[in-house]
Structure formats: structure tokens, C-alpha cells
Amino acid sequence: MHRVILHLDMDAFYASVEQRDNPALAGRPVIVGAPPTQRGVVAAASYEARKFGVRSAMPSVTAGRLCPDGVFVRPRMEAYRAESHAIMDLVRQSAGELVQQVSVDEAYMDVSAQAQGAAADASLACALPLARRLKQVIRTQRQLTATVGIAANKLLAKLASDFQKPDGLTLIREAEKVAFLRPLPVRSLHGVGEVTEKNLSGAGLRTVGDLQDYRGDLRALVGSWGPELKRFAFGEDDRALDLGDEVKSISSENTFLRDTEDRPTLRACLEEQAADIAGKLARYRLAAFTVQVKVRYGDFTTLTRQISVEEPLHEAREIYRLGCWLLAREKLVHRPLRLIGLGVSGLIEAQARQLPLEFVA
Ligand SMILES: [Mg+2]
């Protein structure tokens, strides 16, 4: 099976959330961070602000000087985290369970099983419709844009998503990877930091092409990491996705663009979440002793309530029913919700599937 890895990267994530939530900021140079009158740094900048040279981690004073018309906005980390959850839910719905989230707005997906062609490059091309759908669903449901890279490994998929932003989609074919890498600075390779960059440039190696052509032993410059760095320079990378520990809980949640207490809307959400959770339980062959609901109000107060049962559950309607019951018992919907979520934990292996009746003696 050929490997097919997607890398998703949200475009100017914090700044885009601010522009979406406050239409007055759309199209303006938004700088998320401390105001320039205070000692502090830029957390994120919109593309309009980046045109002036504003970058994240830059002192706000500098940003204010570069971009005098910049609109400074205080970071709302809780809002970005909630948005991140909503996006990662969409990622999992589109790509399946083989997802490694690497930051608040970035994830790798291994879609090898869903995208199979006869040749490696044909498999990569099979992932294009999936990537387009994911971008589309993020745009329509979250009103945000994402950039996706497709390649045969993590190293290249990340470089592919860096290649054309915002709202980009880049695929690096196996046949093109060596040429694609040649002009890039060594710093763009995974693992090359300031120190390694300095060591390499001391030997005259500035681009990935320089590394490809280097006849000496890279170990003399970067230590034992040399051979892997050489492989990276040729676009070879066999690192697996880090999927974390075994599954301990499964959850699903929805963040609303507008807070709501509309019962049919909330019930429909819970029903969908219960179906989603039951589907995952079935895939992992698990059942759950505990059902949990989570609500978040407009002021970001977040509450969770749970109930455990004696017989483990695995059916969507049971999970849904307990979720509704918890909401009612705890009177959680007494004001509009920003988020509603459902989850299960206390997981055990489901019993071997019962034989259909006709096979029972
Ligand atoms: Mg990003």
C-alpha cells in the first residue's frame, strides 16, 4: 500500500477567527496580541498585516511601527481552542481516525487506506477530492479557510501545505519531490533549527539542493542525525503518525456560530454526536460504562456532567438518551449554549458479536 499523508494548516488561524467573529475586521490588518503601547508580543497577524512585515512573536511595538493602521486585538485563547476542537472534529469526520493533531490549527492525516491507486502518484491523486471536501466543509461550517498539502510522508505533506497559502492545495508527486526540495532553504526541513542551520551554512550548505549534492559525511556537521537529514533532503521520511495512547474516551462536540438554546437544534446535535460515537465504538469494538455531556455558555463557562451505568453501552440511541437525560436532570440548558458535546469513557472491549439467531442451536 502506498502511503498518502495529508497535512492541514489553518490560514492565519487566530486572526481569521477574529475577522470572522467581528465582520468590522474583515479585510483589515488585524494583529492579535498586546497593544503597541504595552510590552508584549504579536500572537498572530492577518494576511493584510503580514504584507507590512508583521510576524508572530514580534514585539507589539515593532508591529505598530511597521503597520501604523494595524488593528490590535487581545487574544481570546479559549475561543481559539473551541474552534480548534470544532475543526479537528471535521478533520476526523472527513479523514477517519488516523489523525495526529500537532498544534491548535495543524494536523496530519493518514488516508492511505482510502486513497489507493496502482502507482504511488495515482494514490496521491486519489486524495485530492478528499482534501477539497475537507477544505469546503471547513469553509461552509466554520467560515474559515485552510491549506492542505498531500504527499507520501509527513515531511513532504507539511512542506506542501507551506507552499501556497492561504486557501491552498498542493500535492507533491513522488517523481517531483527531489526537484521540489532543491531550492528550499535547509531550515525548511523538519528538525533543522538555528544551530544546525549555522553548522550547515558554515560548510556552504544553504539550500536542500546543497545537501542533496554534498559528497562529504553530514555526520561531521550535524552529528549522528546526518544520515536521516540526508534522507530528508531527498524527500524520504518514514516517520509514522503519532496517534497517542490507546483510546480512553471518545467524544464529539459542536460549537455554534451563534449561541442557541433551541431544543430541536440541540437534540439534533446530540443525536448526530451519539451516532458518531457509536460508529467509533463499533470500529474499535468497544463499549462504554460512562456517558458525559459538556456544555459551554456564551461567557465560556464550561460544565460537564456524567453518569455511569452497570451494563456497558454501545448503541447510539442509548448514548443519546442518557445525554438528554443528563441535560434535563442538571438543567444545563437554562441559557443559550455556545457548545454542546457528548462523550463516552470507561471503555471495555465489546463482547464478541452474538451469533445471528439462525446459527444458535
Ligand atoms: Mg496555521
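Residues numbered from 1 in each chain as written. Predicted model: local features only at pLDDT ≥ 70, side-chain atom pairs only at ≥ 80, totals over all residues. Heavy atoms only, no water.

Peer 1: Just checking my understanding: could you explain the environment of arginine 258 for this structure?
Peer 2: Mapping arginine 258 onto the fold places it in strand β9 (residues 249-260). Given a relative accessible area of 71%, arginine 258 falls into the exposed group. When the C-alpha atoms of arginine 258 and glycine 298 are compared, they prove to be 9.1 Å apart, with 40 residues separating the residues in sequence. (Helix = DSSP H or I, 4+ residues; strand = E, 2+ residues; numbered from the N terminus. Buried < 20%, exposed > 50% of the residue type's maximum accessible area, 1.4 Å probe, protein only.)

Peer 1: Teacher, can you tell me more about the pairing of strand β7 (residues 146-151) here?
Peer 2: For a regular strand, the rule is simple: side chains alternate between the two faces of the sheet. Burial of β7 is extensive: 6 of the 6 residues sit out of reach of the surface. Residues Ala146, Val148 and Ile150 of β7 are buried on one face, and the alternating residues Thr147, Gly149 and Ala151, pointing to the opposite face, are buried as well. Summarising the sheet, strand β1 (residues 5-10) and β7 pair through 6 bridges and their orientation is antiparallel. Within β7, the position partnered with methionine 10 by the bridge is alanine 146. Note that β7 and strand β8 (residues 169-171) share 3 bridges and pair parallel. Paired with glycine 149 across the two strands is threonine 170, which belongs to β8. (Pairing = 2+ DSSP bridges.)

Peer 1: Help me understand the domain arrangement of the chain in this model?
Peer 2: Where interface size is given, it is often the accessible area lost as the parts come together that is meant. Partitioning the chain into structural domains gives domain 1 (1-174), domain 2 (182-233) and domain 3 (249-349). Once you take the C-alpha centre of each, domain 1 and domain 2 turn out to be 27 Å apart. (Domains from an automatic or database assignment.)

Peer 1: Where do I start with the packing of helix α4 (residues 77-95) against helix α6 (residues 128-142) in this structure?
Peer 2: When two helices pack together, their arrangement is given by the angle between their axes and by how far apart the axes lie. The geometry of α4 relative to α6 is characterised by a closest axis approach of 10 Å and an angle of 145° between their N-to-C directions. Two packed elements cross with a definite hand, and for α4 against α6 that hand is right-handed. Together, Glu83, Ala86, Ile87, Leu90, Val91 and Ser94 of α4 and Leu130, Leu134, Val137, Ile138, Gln141 and Arg142 of α6 make up the contact between the two elements. A breakdown of the residues in the contact of α4 with α6 according to their chemical character gives 8 nonpolar, 2 polar and 2 charged. (Axes fitted to C-alpha atoms, helices over the stretch in contact; angles between N-to-C directions. Left-handed = near helix turned anticlockwise from the far one by under 90°. Contact = heavy atoms within 4.5 Å. Nonpolar A, V, L, I, M, F, W, Y, C, P; charged D, E, K, R; others polar.)

Peer 1: Is there a simple way to explain the coordination of the magnesium ion in this structure?
Peer 2: Reference values for angles at a metal are 109.5 degrees in the four-donor tetrahedral case and 90 or 180 degrees in the six-donor octahedral case. Those protein atoms acting as donors to the magnesium ion are Asp9 (OD), Met10 (O) and Asp105 (OD), and they sit at 2.2 to 2.4 Å. Since its relative accessible area comes to 2%, methionine 10 is described here as buried. (Donors = N, O, S within 2.8 Å, 3.2 Å for Na, K, Ca; no water.)

Peer 1: What is the right way to look at the nonpolar core in this model?
Peer 2: Grouped burial of nonpolar side chains is what soluble globular proteins tend to show. Counting 39 residues, the largest nonpolar core has Leu6, Leu8, Met109, Ile138 and Ile150 as the members making the most contacts within it. Those elements that place two or more of their residues in this core are β1, α1 (13-21), β2 (30-33), β4 (71-73), α4, β6 (106-110), α6 and β7. Take this core: its biggest share by element is 7 residues, from α4. Non-local contacts of leucine 6, meaning those with residues more than four positions away in its chain, are made with Ala107, Tyr108, Met109, Val111, Ala127, Leu130, Ala131, Val148, Gly149, Ile150 and Ala157. One finds Ile250, Ala278, Val295 and Ile307 within the second-largest nonpolar core, a separate group that totals 29 residues. (Core = buried A, V, L, I, M, F, W, Y, C linked by side-chain atoms within 4.5 Å.)

Peer 1: Please clarify how the sheet that holds strand β10 (residues 286-297) should be interpreted in this entry.
Peer 2: Backbone hydrogen bonds are what pair the strands of a sheet, in a parallel or an antiparallel way. Taking strand neighbours across the sheet as the criterion, the 4 strands line up as β9-β12-β10-β11 in an open arrangement whose pairing is antiparallel. Two strands lie at the open edges of the sheet, namely β9 and β11 (302-313), each paired on one side alone. This sheet shows a mean twist of 15° between the axes of neighbouring strands, independent of strand direction. Sheet topology note: the β10/β11 ladder contains 8 bridges and is antiparallel. Pairing of valine 293 across the sheet is with arginine 305, part of β11.

Peer 1: Just checking my understanding: could you explain helix α13 (residues 263-284) for this structure?
Peer 2: Count 3.6 residues to each turn of an α-helix, and residues three or four apart come out pointing the same way. With 22 residues, α13 extends 31 Å between its outermost C-alpha atoms, agreeing within 8% with the 32 Å of an ideal straight helix rising 1.5 Å per residue. Summarising the contacts, the buried residues of α13 are in contact with β9, β10, β11, α14 (316-329) and β12 (337-349). Arginine 285 lies just past α13 and shows a positive phi near 55°. (Expected span 1.5 Å × (residues − 1).)

Peer 1: Mind showing me how you'd approach unusual backbone geometry here?
Peer 2: Outside of glycine, negative phi angles account for most residues, and trans bonds account for most peptide bonds. With an omega of -5°, the peptide bond between lysine 165 and proline 166 qualifies as cis. Within the chain, alanine 57 stands out as a residue other than glycine whose phi angle is a positive 75°. Among the structural elements, alanine 57 can be located in the loop between α2 (47-50) and α3 (60-66). Judged by its relative accessible area of 59%, alanine 57 falls in the exposed class. Its identity is not glycine, yet aspartate 167 carries a phi of approximately 55°, on the positive side. Assignment of secondary structure puts aspartate 167 in the loop between α7 (154-163) and β8. Overall, the relative accessible area of 35% leaves aspartate 167 in the partly exposed class.

Peer 1: When you look at the confidence of the model for the chain in this model, what are you seeing that I'm missing?
Peer 2: Detailed reading of the predicted coordinates is not advisable wherever pLDDT is low. Per-residue confidence for the chain gives a mean pLDDT of 91, with 96% of residues at or over 70. In the predicted structure, residues 352-361 sits below a pLDDT of 50 and forms 2 contacts with residues beyond four places in sequence or in another chain. (pLDDT = per-residue confidence, 0-100.)

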